[in-house]
Amino acid sequence: MYIDNKILIAKNDKKELCILLDKANRHGLITGASGSGKTITSKVMAESFSAAGIPVFMADVKGDLAGTALPGEPNENVDSRVQKLNLENFEYQGYPVRFWDIFGDYGHPVRTTLDSVGPEILSMMLGLTEAQEGVLTVVFKIAKDNEWELDKIEDLRLLLQYVGDNREKFTTSYGNVTTQSVGVIQRCLLALENQGGDKFFGLPELDINDFLAVDANGKGFINILHSVRLFESPDLFASFLLWILTKLYTKMPEVGDLDKPKMVFFFDEAHLLFNGMPEYRLKRIVQVVRLIRSRGIGLYFISQSPADIPNEIIAQLGNRVQHNLRAYTPTELKTVKTAADSFRTNPDFNTYDEILALGTGEALVSFQNENGEPEIVEKAKILPPQSKMGVIDETSRNKVINSSTLIGKYDEPIERESAYEEIGELNRLVREKIEAEEAQKQAEKEAKEQAKKEAEEAKAAEKAKKEAEKKEKEEQKAKEKAAKEAEKAKKNNPMYKLGKKAVNSAETKLINKLLNKVFKNFK
């Protein structure tokens, strides 16, 4: 409840525990096991900040924060707590709410460009390694140097393909780009599209000032991001919240310490942001958390255990609410001890034991005092919310959405000439050149193959001719040899020899007879 310029969060028999408005930007932490009351605590805080004229941002991972837009309904539990805590000014009421949804189903669409997100946060969304993030950074730099707008995923996909196909051209100026990294990034972009990330990237881009509005009565709008579907992709969920936080940090001017924050940002399921985070990236987030208070932004992390938050971040969280922790293993018990040791000791109770014994709706609370010092920890009961607890029906949600002054501003996507068109035209010209070169190479290849074929055919014909001639000679030689052998065999035949002898004798007789006759005539 907002009372006397203070945010009343909890009470016990001795004390009211309040966040001082001028200390609200010193950040905070709400921790506790599932079902211990973290959501109610954050809801009570959000209502109170709104009543103080401070806009709020919250992620609704279960859908049960939507009831903040409607007045609470009297029930025995709430009425009993109001009476026990002696809350004289408590009344059920709704608060000004703006519903947002990346997918556009349960609130105003949230869009931004890839240029706005940048390679670092996009790498978180995609789960890239440091080396792959380096390649993505190179690609973004190439786009910037060529004034290519990266609006949507299709722009980046085409640019990645272009850079990968022409990596030799960029290596000397921007660094090495491996096809393996390009392939991994392309696959991760496809997975992001399947998760609905394609609806997040585009135009019109979210104007962060729309998160900083107050209504006609001076109450700050509670911006509720419907995250039931988004939370199914934890990396995308955490990266999206970090993007909003970073956008606030970069867009908001330095204002120093104000009488009250310009906005309060609740980072739910904060463990998802820090799980497995590399050191170089953690340093960047630590810097944002440290400096964003000077922009007038109060940041409140919500998680199950203080151990989920890095020590560098924990040290900057001045307002703390610790709900019950359950501990059974040595590691869990050590976490409880660490949580207990982070509070200023109260001599009236043992902090460690109380953390284990707290009931639902009870908490250990320590806020900063006027001097910016953490107060001694107190055990107290959290106030009940004044708005409706739980989900709301579609009719009520649509009524809130349609009554918003933002209706129509983000509803329809806007197209403009971006990297997709520019690189597409460049790729077309490159493809035509490549196709012409490939056609020429193919023609030369075919001509060479034809010449080779003809040469092989001529060689084969010549070989066949020579083999035929050789065969003919061998056949002729064989015939001659056969004739000689036949003649030899004939001569060696006894009958042939006998006949030959007889012929020779007859011939000799005939010749002698003729010669005698010739000689007689001369006489």
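Think of each chain on its own: its residues are numbered from 1, step by step along the sequence as written. Totals for whole chains, interfaces and linings use all residues, but because this is a predicted model, local features are given only for residues with pLDDT of at least 70 and pairs of side-chain atoms are given and counted only at 80 or more. Note: side-chain values were computed over all heavy atoms of the structure, leaving out hydrogens and water.

1. Looking at the overall build of the protein
- Secondary structure elements follow DSSP: runs of H or I no shorter than four residues count as helices, runs of E no shorter than two count as strands, and numbering proceeds from the N terminus. For the protein, the count of helices and strands is 16 helices and 13 strands.
- Each radius of gyration reported is based on C-alpha atoms, and the globular scaling rule is 2.2 Å times the count of residues to the power 0.38. A globule of 523 residues ought to have a C-alpha radius of gyration of about 24 Å, yet the protein, at 47 Å, is considerably larger.
- Dimensions along the principal axes, computed over C-alpha positions, put the protein at roughly 190 × 55 × 45 Å.
- The rule is simple: take the accessible area with a 1.4 Å probe, protein chains only, and divide by the maximum for that residue type; under 20% is buried, over 50% is exposed, in between is partly exposed. Split into buried and exposed, the 523 residues of the protein put 47% on the buried side.
- By the convention used here, residues are in contact when the closest approach between their heavy atoms is within 4.5 Å. Excluding contacts between residues fewer than 6 apart, the proportion of contacts in the protein whose partners are at least 24 apart in sequence is 78%.
- Accessible surface for the protein amounts to roughly 27,700 Å². Of this, 50% is attributable to carbon and sulfur atoms.
- Neither His nor the chain termini are counted; the positive set is Lys and Arg, and the negative set is Asp and Glu. We put the charge of a Lys on NZ, of an Arg on CZ, of an Asp on CG and of a Glu on CD. Counting 75 positive and 81 negative side-chain charges, the protein places the centres of these two groups 19 Å from one another. Surface accessibility in these figures is a Shrake-Rupley result with a 1.4 Å probe; residues are shielded only by whichever protein chains are displayed.

2. Details of the environment of Met 124
- The residue Met 124 is located in helix α3 (residues 114-126) in this model.
- Overall, Met 124 belongs to the buried group, its relative accessible area being 11%.
- Each residue touching Met 124, except ones within four places of it in the same chain, is listed here: Asp 235, Ser 239, Leu 242, Leu 273, Met 277 and Arg 281.

3. What about the packing of α3 against helix α8 (residues 234-251)?
- For helices, the fitted line uses only the C-alpha atoms of the stretch in contact; every axis is such a line through C-alpha atoms, and the angle between N-to-C directions lies from 0 to 180 degrees. Interhelical geometry of α3 versus α8 gives an angle of 150 degrees and a closest axis separation of 9 Å. Here α3 is positioned roughly antiparallel relative to α8, judged by the angle of their axes. Here α3 and α8 pass one another in a crossing that is right-handed. Of α8, the residues touching α3 (which contributes Ser 116, Val 117, Ile 121, Met 124 and Met 125) are Asp 235, Leu 236, Ser 239, Phe 240, Leu 242, Trp 243, Thr 246 and Lys 247. To sort the angles, those under 35 degrees are grouped as roughly parallel, those over 145 as roughly antiparallel, those from 65 to 115 as roughly perpendicular, and the leftovers as oblique. Left-handed is the label given to a crossing in which the near helix is rotated counterclockwise from the far helix by less than a right angle, and right-handed is the label when the rotation is clockwise.

4. Here we look at the packing of aromatic side chains
- Each pair of aromatic rings taken from Phe, Tyr and Trp, with Trp reduced to its six-membered ring, is defined by centres within 6.5 Å and is described as stacked if the planes are under 30 degrees apart, edge-to-face if over 60, and tilted in the remaining cases. Taken as a whole and assessed by the stated rule, the structure comprises 18 aromatic pairs.
- Seen from their ring centres, Phe 200 and Trp 243 are 5.4 Å apart, and the 80 degrees between their planes marks the pair as edge-to-face. Of this pair, Phe 200 sits in the loop between α7 (179-194) and β8 (222-226) while Trp 243 sits in helix α8, and the two are 43 residues apart along the sequence. In terms of burial, Phe 200 and Trp 243 fall into one category: buried.

5. What about the pattern of salt bridges?
- Salt bridges, as used here, are contacts in which a Lys or Arg side-chain nitrogen is within 4 Å of a carboxyl oxygen on Asp or Glu. The full count for this structure, using the stated rule, is 20 salt bridges.
- The salt bridge involving Lys 409 is made with Asp 207; its shortest N-O contact spans 3.9 Å. In this pair, Lys 409 is assigned in the loop between α14 (394-402) and α15 (419-491) and Asp 207 in the loop between α7 and β8, connecting sequence segments 202 residues apart.
- Lys 337 is paired through a salt bridge with Asp 341; the nearest N and O atoms lie 2.9 Å apart. Note that Lys 337 and Asp 341 are positioned in helix α12 (residues 330-341) at a spacing of four residues, about one turn of the helix.
- We classify Asp 341 as exposed; its relative accessible area is 52%.

6. Describing a negative patch on the surface
- For patch detection, residues must exceed 30% relative accessible area and be free of salt bridges, and they are connected within 9 Å for like charges or within 5 Å for nonpolar side chains (Val, Leu, Ile, Met, Phe, Trp, Tyr). Together, Glu 462, Glu 469, Glu 472, Glu 474 and Glu 475 make up a region of like negative charge exposed at the surface.
- Among the secondary structure elements, Glu 475 is positioned in helix α15.
- With a relative accessible area of 43%, Glu 475 lands in the partly exposed category.

7. Section: the nonpolar core
- To qualify as a nonpolar core, a set must consist of buried Ala, Val, Leu, Ile, Met, Phe, Trp, Tyr and Cys residues joined through side-chain atoms within 4.5 Å. Counting residues in each nonpolar core, the largest one holds 85 residues, and the members touching the most others are Leu 122, Leu 156, Phe 240, Phe 265, Phe 274 and Phe 301.
- The element contributing the most residues to this core is α8, with 11 residues.
- Residue contacts for Phe 240: discarding those within four places in its chain leaves Ile 102, Val 110, Met 125, Phe 200, Leu 225 and Leu 230.

8. Description of unusual backbone geometry
- For the bond running from Leu 203 to Pro 204, omega is 0 degrees, close enough to zero to count as cis.
- Among the secondary structure elements, Pro 204 is positioned in the loop between α7 and β8.
- Residue His 27 is not a glycine yet carries a positive backbone phi of 70 degrees.
- Position of His 27 among the secondary structure elements: in the loop between β3 (16-20) and β4 (28-31).
- Residue classification places His 27 among the buried residues on the basis of a relative accessible area of 1%.

9. Structural notes on helix α10 (residues 279-292)
- Helix span, as expected, comes to 1.5 Å for every residue beyond the first. In this model, α10 (14 residues) spans 20 Å end to end at C-alpha, consistent with the 20 Å of a helix rising 1.5 Å per residue.
- Within the sequence span of α10, burial applies to Arg 281, Leu 282, Ile 285, Val 286, Val 288, Val 289 and Ile 292. Buried positions in α10, seen along its axis, are confined to an arc of 160 degrees and lie on one side of it.
- Elements that come into contact with the buried residues of α10 comprise α3, α4 (130-145), α8, α9 (271-274), β10 (297-303) and α11 (311-314). Regarding the arc, it is the one traced by the directions from the helix axis to the C-beta atoms.

10. Some words on α14
- Among all positions of α14, only Ser 396, Arg 397, Val 400 and Ile 401 are buried. In a view along the axis of α14, the buried residues occupy a sector of 135 degrees, so they form one face of it. The outward face of α14, more than 90 degrees from its buried face, is lined by the exposed residues Glu 394, Thr 395, Lys 399 and Asn 402.
- Contacts from the buried residues of α14 go to β6 (97-101), β7 (108-109) and β8.
- The term polar contact refers here to a pair of N or O atoms within 3.5 Å; inside protein, the definition further demands a hydrogen-donor-capable atom paired with an acceptor-capable atom, and it admits residues adjacent in sequence only when both atoms are side-chain atoms. In this structure Asp 393 caps α14, since a side-chain oxygen of it lies 3.2 Å from the backbone nitrogen of Thr 395.

11. Topic: the pairing of strand β12 (residues 362-366)
- Across the five residues that make up β12, a large majority, five, are buried.
- Strand pairing is assigned whenever DSSP detects at least two bridges linking the two strands. For strand β11 (residues 319-322) and β12, the ladder comprises three bridges, and the chain directions are antiparallel. The residue bridging Arg 320 from the neighbouring strand is Ser 366, located in β12.
- Examined bridge by bridge, β12 and strand β13 (residues 378-382) share four bridges and lie antiparallel to one another. Of the residues in β13, the one forming a bridge with Val 365 is Glu 378.

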